[in-house]
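Observations on chain architecture
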Amino acid sequence: MAAMHPGAIAYINGQYVPVEEAKISIMTHAFNYGTGLFEGIRGYYNAEEDNVLIFRLPEHVERLTRNAKVLCMDIPEDSAAIEEICVQLVRRSGFKEGVYIRPILYKSQESLGPTVLGIDSSLCCYVIKLGDYCDTESGLDVAVSSWRRLSDNAIPTRLKSTGSYINSSLAASEAKSAGFHEAIFLREDGSVAEGSAMNLFVVQDGKLITTPVNADILVGITRNTVMQLAREVFGLEVVERSIARTELYTSDELFFCGTGAQVAPVRSVDRRLIGNGQTGEITKKLQDLYFEVVQGKVPEYRHWCRPVY
Ligand SMILES: Cc1ncc(COP(=O)(O)O)c(C=O)c1O
């Protein structure tokens, strides 16, 4: 069978191998119980420099290793080693285009019983080529999901854990099968959380509003990037507060953000047009700047970009 991802390299058991050869046992704890933590990291190709720039690599690795504490994970590779593995994977794949790097810390022991204690953990990682994850041009038609967002006392969304993506998969699938592009999750209390794999911002009266870090969201690195760019470059006010469902419908502008989603305007929520249905002015200028920044073209934020070659 032809390789699904020709040239893609993986890191597993301390070795670099072609992705097709990176295999785990069906008895692996993480496969049985969802006890894995992962990251999604993008690298952007900069044609002028003929280089791939990995965006905010240390921040992704920091989130991964910090959250590993919650699952009592201990692995031999430290943060510097994980960063180096990510760089090496792209280098060894030879990719010179947009890439997506997926480090996974997982309970690798072949062991029965749901516990996070006393189970060996390992790191594996792979790289694939990746273009747009969702449309960033025309505006997305989204629906409020009938699935509620996981809560911090059940399966913490702060952790990018493999098991928690059942929640995302159910919401995204429901939305797509009803003819929408994406879903927005509400929390158990009915307030807004985030999209299935992205954070969201509402724009109201020239101000950016996003749900706070304790609102059952994954605390996104793109969310942080957008907040910083909005404040530092455009002098915009950014507020972190609870958002009510109806504020989605009445907002002037609405957009998703995430490593996969990038900055993606939302055109409608539950068939109600946001603004006049066109990408809003603030969304557009943040999106344009974001794409410049990730490609290493803005000197003030160049330190966020790690060259591979
Ligand atoms: C549920 C969820 N929320 C938000 C995000 C955005 O996080 P980041 O910007 O760190 O990629 C993601 C990941 O991509 C996600 O899966």
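Our subject is the structure that appears above.
Numbers given to residues run from 1 along each chain, matching the order in which its sequence is written. Only residues with pLDDT of at least 70 are given local features in this predicted model, and only at 80 or more are side-chain atom pairs given and counted; all residues enter the totals for whole chains, interfaces and linings. To obtain the side-chain values, all non-hydrogen atoms of the structure were included, while hydrogens and water were left out.

Counting from the N terminus, the helices are DSSP H or I runs at least four residues long and the strands are E runs at least two residues long. In a helix, the anticipated span is given by 1.5 Å times the number of residues less one. In this model, helix α3 (residues 79–93) (15 residues) spans 21 Å end to end at C-alpha, consistent with the 21 Å of a helix rising 1.5 Å per residue. Partly exposed describes any residue whose relative accessible area lies between the buried limit of under 20% and the exposed limit of over 50%, with all areas from a 1.4 Å probe on protein chains only and scaled to the type maximum. Those residues of α3 that sit buried are I82, E83, I85, C86, V87, Q88, L89, V90 and S93. Within two residues after α3, G94 carries a phi angle of roughly 75°, on the positive side.

Right, let's get into the site of the ligand. For the ligand, the set of nearby residues contains 15 residues, the closest of which are Y165, E194, I221, T222 and T259. A 3.5 Å cut-off defines polar contacts: any pair of N or O atoms within that distance qualifies, except that in protein one atom must be a possible hydrogen donor and the other a possible acceptor, and neighbouring residues in sequence count only when both atoms are side-chain atoms. Interatomic distance of 3.2 Å between a side-chain N/O atom of K160 and an oxygen atom of the ligand. M198 places a polar main-chain atom, nitrogen or oxygen, 3.5 Å from a nitrogen atom of the ligand. For the ligand, the accessible surface in isolation is 380 Å², of which the surrounding protein chains cover 97%. Residue composition of the shell around the ligand, grouped by class: five nonpolar, six polar and four charged. If even one non-hydrogen atom of a residue comes within 4 Å of a molecule or strand, that residue is called near it. What sets the accessible areas is the Shrake-Rupley method with a 1.4 Å probe; for residues, cover comes only from the shown protein chains. In this count, Pro and Cys sit with the nonpolar residues alongside Ala, Val, Leu, Ile, Met, Phe, Trp and Tyr, while Asp, Glu, Lys and Arg are called charged and the others, Gly among them, polar.

For the rest of this paragraph, the subject is the pattern of salt bridges. The term salt bridge refers to a pairing of a side-chain nitrogen on Lys or Arg with a carboxyl oxygen on Asp or Glu at a separation within 4 Å. Using the criterion set out here, one finds 16 salt bridges in the structure. The shortest N-O distance in the salt bridge between E59 and R56 comes to 3.3 Å. Note on E59: relative accessible area 26%, which makes it partly exposed. Between R66 and E62 there is a salt bridge, and its shortest N-O distance comes to 2.5 Å. Of this pair, R66 and E62 both sit in helix α2 (residues 57–67), four residues apart, roughly one helical turn. Assessed through its relative accessible area of 34%, E62 is described here as partly exposed. Through salt bridges with shared partners, a single network forms among E83, E84 and R306.

Turning next to the packing of aromatic side chains. Only the six-membered ring of Trp is used, alongside the rings of Phe and Tyr, when aromatic pairs are assigned; centres must lie within 6.5 Å, and planes under 30 degrees apart are stacked while those over 60 apart are edge-to-face, with the rest tilted. Evaluated as defined, the whole model comprises seven aromatic pairs. Each ring, one from F55 and one from W304, has its centre 5.8 Å from the other, and the planes form 90°; the classification is edge-to-face. Of this pair, F55 sits in strand β5 (residues 51–55) while W304 sits in the loop between α7 (281–294) and β17 (305–307); the two residues are 249 residues apart in sequence, bridging distant segments of the chain. There is no split in this pair, since F55 and W304 are both buried. Both a distance and an angle decide whether a charge sits over a ring: NZ of Lys or CZ of Arg must be within 6 Å of the ring centre and within 35 degrees of the ring normal. Its guanidinium or amino end placed over the ring of Y16, R92 lies 4.0 Å from that ring's centre, counting from NZ or CZ.

In the sheet, strand β9 (residues 182–186) pairs with strand β10 (residues 192–195) via two bridges, with the strands oriented antiparallel. Of the residues in β10, the one forming a bridge with L186 is V192. At least two bridges found by DSSP between two strands are what make those strands a pair.

Right, let's get into α2. In an α-helix, one turn spans 3.6 residues, which is why side chains three or four residues apart end up on the same side. For α2, the full list of buried residues reads L57, H60, V61, R63, L64 and N67. The buried residues of α2 occupy an angular sector of 155° when projected down its axis, which confines them to one face. The arc in question is traced by the directions running from the helix axis to the C-beta atoms.

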